[in-house]
Amino acid sequence: MTHRVAVRPSGVELEVLDGEDVFTAAGRLGYRWPTVCGGKGTCRTCFVQVEEGAENCSPVGPLEREGIEALRRPVDGLTRLACRLRVEGPVTVTKRGVRRRVQE
Amino acid sequence: MMDETSEPATARCPGPSVQDYLDQDSRPVPPALRYERNDYLGSEDIDTARFTSREWAEREMRQVWRRVWQFACLESEIPEVGDHEVYEIGDDSLIVVRTAPDEIRAYVNVCLHRGRKLRTGGGNVSEFRCSFHGFTWNLDGTMQTPPCAWDFPHVTPEKFALPEAQVATWRGFVFINMDPYAESFDSYRGTFDDYYIWPLENRYKSLHIAKVLPCNWKVAQDAFIESFHVIATHPQMLTWLADANSQYDVMADQPNWNRMINIQGAPSPHVADSVTEEDVLETFYDSRSFYSAAQGRDLVMQEGDELPAIPPGGTARQVLAARMREQLAATSQQDFSQTPDTELLDAINYLLFPNFNPWGGAKSNIIYRFRPNGLDPDSCTAEIIFMSSPKQPGETPPPAKIRWVPEDTLFADIPELGVLGPVFDQDCENLPYVQQGLKAMRKPGITLANYQESRIRHFNQTLDQWMSR
Ligand code: FES
Ligand code: FES
Ligand SMILES: [Fe+2]
């Protein structure tokens, strides 16, 4: 079972697996996603704004909450860390800098 | 061993002794509780500077807290790799973290770049990334390549591993020691394990209350290791609590632990000649009836139940022990048929220097922890932890989270504390007035009872040994 996550403004569409986070899905599908920590939840660089489908998003855990608070955003389910975000239905997010990995 | 030097302290309350009560127990009493020893440690006054002076508090941090084994957290609070708690004492801050399924380590909680604290609370992480410029450490304490490594040719991971404190675990509790040359925790405890015989590792943390108290941590600790104060501080308990004839065990060759046993379900020697066995029974129940049963600690009577009758020639203590045995068996699915009366009724309290202050016994075990609040000599943090048996053997409910209550909240308003809440409030009522009084006092020291306050002397002498070492 996969769920479609649309990324604005690039228009990238990701098929995210059950239980997989959006950051990992992007990597698996050949996209670069802004990061410093590589998906460990500690750098907060991967954050996204949820535009549609917030009800399909996993709950915010303690480490992600810490990150969102450090970003000075409300913990209202609309700012999320892509490396912690799992989905159960279609979701649209805004994230700049998501693009296809350059082939060597 | 009673020789001439111990003679001044051989005087005891004329009432029946704890060991006399244990002789009457309906079940065999474990040898650990049959043990009795009180070495005479002198009768000099204890100077007041230790309680009031900022300079003393700072020296105490360097001489004592940075060198002794101390209770930091519970293993159950950090079950998964990456789970951590922050333990702070004075100006020191440690990350106590599970680094492997069977390994817990404690790192100094400070970034080695420009000194920001790495973590401001517990949680789960797979690396420690500083929120200032992003220097990052792995769970094993090694540093990752710093951001802008080109600008730090002088920073090599080998030089930048996180400094560590020693860690030891004991019956589900995590202890730390900041001194790399400290003796092992096993040797530090001395004979403590032989006398603290209850399996805390099979219990879970069912309650954790914390509060800042406006007094020195030693003023608070001293108030909870003697029963002498019951006559004036808790007069409502005299009918059912044997105070002046409590037993105090302090050993000159065991500087890091001491103990008291306080018989309950029997009258104080101060009022014994005017109190009947029925009075003991009735007031024992009465004192508990206002409060909810705290994790099965308090004996409760169901609505509409009659007071149990005391058989001819019997004692209130026997009846209360039998009732407690039934109540515990009914609520815990464990067998208490062989549990002696003393483990069901009495207050058996140990102090493992400096901040591990557990009660023994078959009921939920209370653990107190008193420690300095930063470097302030005039305040401390007091914690009450309950370790309870799971409802079904083998279950491990998650540990209760620490609950900080504001200074103006009464312990009586925390229903889970049961009968302990208002009693604790009575104790705490004294403490700010002691702190203030110690500063107004013209006499240079406080005076202690030879026997009933011998744990206070023992505790303060151990402290003095660290201070002068
Ligand atoms: S990738 Fe670093 S926090 Fe998500
Ligand atoms: S202070 Fe920690 S990275 Fe600069
Ligand atoms: Fe008390």
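Note that the structure is predicted; figures quoted are calculated from it, not measured.

1. Points about the domain arrangement of chain B
Residues and elements named next belong to chain B.
Stage number 1. When cut into domains, chain B gives domain 1 (18-51 + 203-468) and domain 2 (70-181).
Stage number 2. Just the C-alpha atoms count here: the centres of domain 1 and domain 2 sit 35 Å apart.
Stage number 3. Contacts between the two partners involve 15 residues from domain 1 and, on the opposite side, 14 residues from domain 2.
Stage number 4. Summed over both partners, the interface of domain 1 with domain 2 buries about 1100 Å², with 69% contributed by carbon and sulfur atoms.
Stage number 5. Counting across the interface, domain 1 meets domain 2 through 1 salt bridge.
Stage number 6. Lys-205 is paired through a salt bridge with Glu-77; the nearest N and O atoms lie 2.5 Å apart.
Stage number 7. Our count for the contact surface shared by domain 1 and domain 2 stands at 6 residue pairs in polar contact (both at pLDDT 80 or more).
Stage number 8. Broken down by secondary-structure element, the contributors of at least two residues to the side of domain 1 that touches domain 2 are β11 (204-213), β16 (365-373) and β17 (376-388).
Stage number 9. Class assignment for the residues of the side of domain 1 that touches domain 2 results in 9 nonpolar, 3 polar and 3 charged.

2. Thoughts on the interface of chain B and chain A
Stage number 1. Counting residues at the interface gives 8 residues for chain B, matched by 8 residues for chain A.
Stage number 2. Of the roughly 630 Å² buried at the junction of chain B and chain A (both faces included), carbon and sulfur atoms supply 40%.
Stage number 3. Lys-40 of chain A is the partner of Glu-127 of chain B in a salt bridge, and the nearest nitrogen-oxygen pair spans 3.4 Å.
Stage number 4. Linking chain B with chain A are 5 residue pairs in polar contact (both at pLDDT 80 or more).

3. Observations concerning the pattern of salt bridges
Residue and element names in this part refer to chain A.
Stage number 1. In the structure shown here, the tally under the stated rule is 33 salt bridges over all chains.
Stage number 2. Among the ionic pairs, Arg-44 bridges to Glu-66, the shortest N-O distance being 3.8 Å. Linking Arg-44 in the loop between β3 (31-32) and β4 (47-52) with Glu-66 in helix α2 (residues 62-70), this pair joins segments that are 22 residues apart in sequence.
Stage number 3. Residue Arg-44 is classed as buried on the basis of its relative accessible area of 16%.
Stage number 4. Accessibility expressed as a relative area gives 24% for Glu-66, which makes it partly exposed.
Stage number 5. Among the charged side chains, a salt-bridge network with shared partners connects Arg-4, Glu-13 and Glu-15.

4. What to know about the UniProt feature "domain: Rieske" (unreviewed entry) in chain B
Stage number 1. Here the UniProt feature "domain: Rieske" (unreviewed entry) sits at residues 70-176 of chain B.
Stage number 2. This span, residues 70-176 of chain B, is 0% helix and 43% strand, and a straight line between its end C-alpha atoms measures 6 Å.

5. Remarks on the nonpolar core
Residues and elements named next belong to chain B.
Stage number 1. With 92 residues, the main nonpolar core has Val-96 and Ile-384 as its most contacted residues.
Stage number 2. For Ile-384, the residues in contact, after removing those within four places along its chain, are Leu-207, His-208, Ile-209, Ile-366, Ile-367, Tyr-368, Phe-411, Leu-417, Leu-420 and Phe-424.
Stage number 3. Within the second largest apolar cluster, 24 residues are counted, among which are Leu-281, Phe-284, Tyr-285 and Leu-299.

6. Concerning the coordination of the iron ion (ligand 3)
Residue and element names in this part refer to chain B.
Stage number 1. Protein coordination of the iron ion (ligand 3) is provided by His-229 (NE2), His-234 (NE2), Asp-427 (OD) and Asp-427 (OD), with donor distances spanning 2.0 to 2.7 Å.
Stage number 2. Of note is the iron ion (ligand 3), whose 4 donor atoms meet at the metal with angles of 53 to 142 degrees in an arrangement that counts as irregular.
Stage number 3. Of note, the iron ion (ligand 3) draws all its donor residues from one chain, in the sequence arrangement H-x4-H-x192-D. Of this pair, His-234 sits in the loop between α8 (230-233) and β12 (241-249) while Asp-427 is found in helix α12 (residues 420-440), placing the two residues 193 residues apart along the sequence.
Stage number 4. Under the relative-accessibility criterion, Asp-427 is labelled buried at 6%.

Cut-offs applied
Residues numbered from 1 in each chain as written. Chains lettered and ligands numbered in written order. Predicted model: local features only at pLDDT ≥ 70, side-chain atom pairs only at ≥ 80, totals over all residues. Heavy atoms only, no water. Domains from an automatic or database assignment. Contact = heavy atoms within 4.5 Å. Buried area = accessible area lost by both parts, 1.4 Å probe. Salt bridge = Lys/Arg side-chain N within 4 Å of Asp/Glu carboxyl O. Polar contact = N/O pair within 3.5 Å; in protein donor to acceptor, adjacent residues only side chain to side chain. Helix = DSSP H or I, 4+ residues; strand = E, 2+ residues; numbered from the N terminus. Nonpolar A, V, L, I, M, F, W, Y, C, P; charged D, E, K, R; others polar. Buried < 20%, exposed > 50% of the residue type's maximum accessible area, 1.4 Å probe, protein only. UniProt positions renumbered as here; feature names shortened; annotations may be inferred. Core = buried A, V, L, I, M, F, W, Y, C linked by side-chain atoms within 4.5 Å. Donors = N, O, S within 2.8 Å, 3.2 Å for Na, K, Ca; no water. Tetrahedral: all angles 85-135°; square planar, octahedral: opposite > 155°, others 65-115°.

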